[in-house]
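This is what each chain is made of:
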Amino acid sequence: MDNYGYSNSNEINQGAGNNLGMNGPKQEPRQTKEMFLVGLLTGVIISALTASCIFIGVRFADLMQHRRAKPVSMEETAAENVVNDDSMAKLEAIEEVIGEYYYQEEDINTDAMIEGMYAGIVDSLGDPYSVYYTAEEWKQMMQDTEGIYYGIGAYISLDKTTGFGKINGVIENTPAQDAGLRENDIIYKIDGESAQGLDLTEIVSRIKGEEGTTVHLTIYREGESDYLEMDVVRRQIESPTVNYEMLDDHIGYIQITEFDDVTVNQFDEAMKEIQKADAAGLILDLRSNPGGSLSAVVDISRQLLPEGLIVYTEDRSGKRMEYSCDGDHEIRIPLVVLVNGNSASASEILAGAIKDYEKGLLVGTTTFGKGIVQRILPLTDGTAIKLTVSAYYTPKGNNIHNIGIEPDIICEFDGDAYYDDGFDNQLERGIEEINKMLSR
């Protein structure tokens, strides 16, 4: 299946900067881990030189020589697969050296080493959207797409500026809302440990847990003088991906929080109810929607767009895959789409198509800018790989990766008014634009 930004933004349900001090999360240099490992390796080498340099060197050379069928040049090695005689020999040597010299033998976990090796291969691509899933992580992710999971009830993505996890949105009547979490909160620590450098999958897995247990989050919130400390109790979350209601003046409102397997049926139900109520206009809220399933967003697009192309993808060889609409369900009433900087991936596909066909007005702020496609590739042992396989383009041929979609009407969100009085200025601007279209 194709996956656009999983969200994983998925649950808890998809950058780098300078040290921000009290104006942001304390950003350690991105090279911190690498420098630590270099320093550690240097320390090991120095110790080995003073103790048993010759022994280890000879042992390593023997292992390498034993594994090689013939001498291999550096040029030949670089052109071979990752798994070859040299790499296997080196892995064996590293494992043996760790087994003999690591000072806390009880901490050596062979299974963890193996999983880390697999994850490291995928991580070496340098693509934050390509991820290796253990069997447990893959099983959990499949459960998440069904709309039920154990967590806190917040949508999470990676913040492009800091590289930390960021709250994309909070589901109503969940532990996240009860604890006071807000959209755009930055997750600085999880259970007292820094969240810097963690990929989205690991952030999500650390926040999720057994029902009734507590996760402690250290939060950076813009405008606060210090970090916020929050204890959030995990519980089963049934995540409605579509919410709807009728507003005043016969204006329908549909919010899509992400595109999961359950979203298409939920959207169909919402559209039927809006139509039964004889809606004169529709506001489609895609704010903070991190993305999700390609098939889901295509099916929903077919309920709104005219006949023609919805989106197309191109892989590394230029092979093109098109997704089209027959136009049988084209929306005929005024439409406004609300977007913001957390609207990503699949939500940008829908917003981009609506804009290209001029089927509605986009109101809000420029979207996230994720114009690449991930595909989940399950492996036979129960693990899986999420891999970036292509780029996607709007009907007019625009790739919005790292650019985003600029709305027709720029309207910055007034967080103070919303959190103090519940006044949603972007929604109100959308209603205003619908009424203007109706009065023409």
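Computed from a predicted model, the values in this text were never measured in an experiment.

Visitor: Hey, could you go over the pattern of salt bridges for me, with residue numbers and the actual values?
Guide: The final tally for this structure, using the stated rule, is 15 salt bridges. Residue Glu432 pairs with Lys436 through a salt bridge whose shortest N-O separation is 3.7 Å. Separated by four residues within a single helix, Glu432 and Lys436 lie in helix H14 (residues 425-439), roughly one turn from each other. Of the residues examined, Lys436 reaches a relative accessible area of 36% and is grouped as partly exposed. The network of salt bridges with shared partners includes Arg429, Glu432, Glu433 and Lys436.

Visitor: Talk me through a negative patch on the surface; I want residue IDs and the actual numbers.
Guide: A surface patch of negative charge is lined by Asp191, Asp226, Glu229 and Asp231. Take Asp231: it is sitting in strand S9 (residues 228-233). Residue class for Asp231 comes out exposed when judged on its relative accessible area of 54%.

Visitor: Before we move on, can you summarise the environment of Met230 with the specific residues and values?
Guide: Relative to the helices and strands, Met230 is located in strand S9. For the pair Met230 and Leu217, spaced 13 residues apart in sequence, the C-alpha to C-alpha distance is 5.2 Å. Apart from residues lying up to four places away in sequence, Met230 is in contact with Ala179, Gly180, Leu181, Val215, His216, Leu217, Ile219 and Arg221.

Visitor: Which residues make up the side chain of Asp356, and what values go with them?
Guide: Mapped onto the secondary structure, Asp356 falls in helix H12 (residues 346-356). Lys396 provides the closest opposite charge to the buried, salt-bridge-free Asp356, at an N-O distance of 5.0 Å. Only 2.9 Å separates the side chain of Asp356 from the backbone nitrogen of Lys396, close enough to count as a polar contact. Residues within four places of Asp356 in sequence aside, it is in contact with Thr394, Pro395, Lys396 and Asn398.

Visitor: With reference to specific residues and values, describe helix H9 (residues 200-207).
Guide: Along H9, the positions that sit buried rather than exposed are Leu200, Thr201, Ile203, Val204 and Ile207. What you see down the axis of H9 is that its buried residues fit within an arc of 165°, all on one side. A distance of 3.1 Å separates the backbone nitrogen of Thr201 from a side-chain oxygen at the start of H9, and that oxygen is part of Asp199.

Visitor: Mind laying out the sheet that holds strand S13 (residues 281-285), listing which residues take part and the relevant values?
Guide: Either a parallel or an antiparallel arrangement is found when strands of a sheet pair, and the pairing is made through backbone hydrogen bonds. Strand order in this open sheet of six strands is S11-S12-S13-S17-S18-S21, and the pairing throughout is mixed. The open sheet terminates on both sides in strands that have one partner only, identified here as strand S11 (242-247) and strand S21 (409-410). Here two bridges tie strand S18 (residues 361-364) to S21, and the two strands are oriented parallel to one another. Considered in S21, the bridge of Val363 is made with Ile409. On top of the sheet, helix H10 (residues 263-276) reaches S11, strand S12 (251-256) and S13; it is set at about 10° to S11, its chief contact.

Parameters and conventions
- Residues numbered from 1 in each chain as written.
- Predicted model: local features only at pLDDT ≥ 70, side-chain atom pairs only at ≥ 80, totals over all residues.
- Heavy atoms only, no water.
- Salt bridge = Lys/Arg side-chain N within 4 Å of Asp/Glu carboxyl O.
- Helix = DSSP H or I, 4+ residues; strand = E, 2+ residues; numbered from the N terminus.
- Buried < 20%, exposed > 50% of the residue type's maximum accessible area, 1.4 Å probe, protein only.
- Patch = residues over 30% accessible without salt bridge, like charges linked within 9 Å, V, L, I, M, F, W, Y side chains within 5 Å.
- Areas by Shrake-Rupley, 256 points an atom, 1.4 Å probe, with all protein chains shown as cover.
- Lys, Arg positive; Asp, Glu negative; His and termini not counted.
- Charge placed at Lys NZ, Arg CZ, Asp CG, Glu CD.
- Contact = heavy atoms within 4.5 Å.
- Polar contact = N/O pair within 3.5 Å; in protein donor to acceptor, adjacent residues only side chain to side chain.
- Arc of directions from axis to C-beta.
- Pairing = 2+ DSSP bridges.
- Axes fitted to C-alpha atoms, helices over the stretch in contact; angles between N-to-C directions.

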